[in-house]
Amino acid sequence: MGKAGSVLPDGVYKIGLPRTDLQVKVGDVELKPTLALGSWVAFRKLTAETIVMGDLVLTEEEVGPVMSRLQEGGLDITALHNHVFNESPHILYMHIEGHGDALKLAQAIHAAVALSKTPLTAAAPAATPSATPPASAPSEQFPLDMKQLDQIIGRAGKLNNGVDQFSIPRAEKITEGEMAHGGEPILASMGLATAVNFQPTSQGRAAITGDFVLTSGEVNPVIQALHENGIAVTALHSHMLTESPRLFFMHFWANDDALKLARGIRAALDKTNSAK
């Protein structure tokens, strides 16, 4: 793939491919790659094969060539859609899935992603640490009160390159195909966790985006909760083709007081069957 991934606690091997080459703005907010421009692919070993799922961040002109090469390589396209409104340049998100030999899948994805301008150069190796570590290096400065955000949302966020990220899995098991007919579990780290990202803008404000992972009965209660709290719903769609239960992915956007937005997110989360 050209980039190093990491093994997650659930055994999934995930590789991030952030679009650090893009400068995308929504109004006067420039999106950090960790807010809404993070391509990724995730590999999981099953009994007889490997499954890969992913989300590729692409410009309009990249969609056609990447899609064609993926299909030539045996990958399925499972969704293509927007995440936010009025961004410049216009960005699309392509969800993919494949089954088979892990290395062949990786080679096919690499060949397709290489047709975009996604940076694929591996990071330089870290310098050998000195015998005597330097005095405490300054931690990353972050202008929002992360402890208060954690308390309001009821989960712990994680700071990632200037963005406070929350990942909230669903409580029930999700499978590819019907569970009663041997459906394989799909783990939360393969794109099935509600994602909420806070990027500071100014004076306690934040731009927020992400997506809720919802069953059909949760869709409209969550829309209502978000709207009541000044958070715009920007997309509602599927990401997969054969998941059970059927899931919908709802993307959102707001730029307002961070704690106010956190309360709105919590009100919406409380309408879902999310893990506690």
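Scroll up to find the structure.
Residues numbered from 1 in each chain as written. Predicted model: local features only at pLDDT ≥ 70, side-chain atom pairs only at ≥ 80, totals over all residues. Heavy atoms only, no water.

### Focus: the packing of aromatic side chains
We count it as follows: Two rings from Phe, Tyr or Trp (for Trp, the six-membered ring) form a pair when their centres sit within 6.5 Å of each other. Planes less than 30 degrees apart are called stacked, planes more than 60 degrees apart edge-to-face, and all others tilted. Working definition: helices are DSSP H or I runs of at least four residues, strands are E runs of at least two. Numbering for both runs from the N terminus. By the criterion adopted, a ring carries a charge over it if an Arg CZ or a Lys NZ lies within 6 Å of its centre and within 35 degrees of its normal.
Applying the stated criterion across every chain yields a total of two aromatic pairs. Each ring, one from Phe166 and one from Phe198, has its centre 5.9 Å from the other, and the planes form 70°; the classification is edge-to-face. Here Phe166 is found in strand E11 (residues 163–169), whereas its partner Phe198 is found in strand E14 (residues 193–200), with 32 residues between them in sequence. For the ring pair Phe212 and Phe252, a centre distance of 5.5 Å and an interplane angle of 55° mean the geometry is tilted. Here the residue Phe212 occupies a position in strand E15 (residues 205–214), and Phe252 occupies one in strand E18 (residues 248–257), the gap between them amounting to 40 residues. Between the NZ or CZ atom of Lys14 and the centre of the ring of Trp40, over which it lies, the distance is 4.3 Å.

### Considerations on helix H2 (residues 60–72)
Structurally, the α-helix is built with 3.6 residues per turn, so residues lying three or four positions apart point the same way. For the record, the criterion: Buried means the residue's accessible area, taken with a 1.4 Å probe over protein chains only, is under 20% of the maximum for its type, while exposed means over 50%, and partly exposed covers the values in between.
Along H2, the residues classified as buried are Glu62, Val63, Val66 and Leu70. One or two positions beyond H2, positive phi appears at Gly74, with a value near 90°.

### As for the pattern of salt bridges
Operational definition: Any carboxyl oxygen of Asp or Glu within 4 Å of a side-chain nitrogen of Lys or Arg constitutes a salt bridge here.
Per the counting criterion, the structure on display carries eight salt bridges. Residue Arg69 is joined to Glu72 by a salt bridge in which the shortest nitrogen-to-oxygen separation is 3.4 Å. Of this pair, Arg69 and Glu72 both sit in helix H2, three residues apart, which is roughly one turn of the helix. Residue Arg205 is joined to Asp256 by a salt bridge in which the shortest nitrogen-to-oxygen separation is 3.7 Å. Pair noted here: Arg205 is in strand E15 and Asp256 is in strand E18, with a separation of 51 residues, a long-range link. Look at the salt bridges and you will find they share partners, linking Arg19, Asp21 and Glu62 into a network.

### Some points on the sheet that holds strand E12 (residues 175–176)
Two modes of strand pairing occur in sheets, parallel and antiparallel, and in both the strands are linked by backbone hydrogen bonds. What counts, and what does not: Pairing between strands requires that DSSP locate at least two bridges from one strand to the other.
Taken in spatial order, the three strands of this open sheet run E13-E12-E17, and their pairing is antiparallel. Of all strands in the sheet, those with a lone pairing partner are strand E13 (184–185) and strand E17 (243–244), marking the two edges. Two strands pair when backbone bridges link them, and E12 and E13 are joined in this way by two bridges, in the antiparallel orientation. Bridge assignment links Glu176 to a residue of E13, and that residue is Glu184.

### A few points about empty space enclosed by the protein
Worth spelling out the cut-off: Cavity: a set of points on a 1 Å grid over the protein atoms alone where a 1.4 Å probe fits but cannot get out. Pocket: an open set with protein on both sides within 12 Å along at least five of seven lines, its lining residues, like those of a cavity, having an atom within 4 Å of a point. Grid points are joined across faces, edges and corners, and a volume is the space filled by probe spheres set on the points. Residues are sorted three ways: Asp, Glu, Lys and Arg are charged, Ala, Val, Leu, Ile, Met, Phe, Trp, Tyr, Cys and Pro are nonpolar, and all the rest, Gly among them, are polar.
For the structure on display, the rule yields one cavity of 30 Å³ or more. Taken as a whole, the largest cavity encloses approximately 70 Å³ of empty space. Considering the residues around the largest cavity, the lining is formed by Trp40, Met53, Gly54, Thr78, His95, Ile96, Met190, Gly191, Leu192, His239 and Met240. Secondary-structure elements contributing two or more residues to the lining of the largest cavity are strand E6 (50–59) and strand E9 (91–100). Residues of the lining of the largest cavity, tallied by class, amount to six nonpolar, five polar and no charged.

### A short note on the side chain of Thr50
The following threshold applies: Note on contacts: a residue pair is in contact if any heavy atoms of the two residues lie within 4.5 Å.
Structurally, Thr50 can be placed in strand E6. Note on Thr50: relative accessible area 7%, which makes it buried. Thr50 has contacts with Phe43, Arg44, Lys45, Gly98, His99, Gly100, Ala102 and Leu105, leaving out every residue within four places of it along the chain.

### Some thoughts on the sheet that holds strand E2 (residues 13–18)
Strands sit in the order E1-E2-E5-E6-E9-E7 across an open sheet of six strands; the sheet is antiparallel. Every interior strand has two partners, whereas the edge strands, strand E1 (6–7) and strand E7 (76–81), have only one. Inspection of the sheet shows E2 paired to strand E5 (residues 38–45) by six bridges, in the antiparallel sense. When the sheet's bridge partners are listed, Leu17 is paired in E5 with Ser39.

### Quick word on the nonpolar core
Put simply, the test is: Residues enter a nonpolar core if they are buried and are Ala, Val, Leu, Ile, Met, Phe, Trp, Tyr or Cys, with the set joined through side-chain atoms within 4.5 Å.
The biggest cluster of nonpolar side chains holds 29 residues, and the ones touching the most others in it are Phe198, Ile208, Phe212, Leu226 and Ile265. Among the secondary structure elements, those contributing two or more residues to this core are helix H4 (146–153), E11, E14, E15, helix H5 (219–228), E18 and helix H6 (258–269). Among the elements that make up this core, the one with the highest residue count is H6 (six residues). Setting aside chain neighbours within four positions, we find Ile265 in contact with Ile153, Val196, Ile208, Phe212, Leu226, Ile231 and Phe252. The next biggest cluster of nonpolar side chains, apart from the first, holds 23 residues, and it includes Leu56, Leu75, Ile109 and Ala112.

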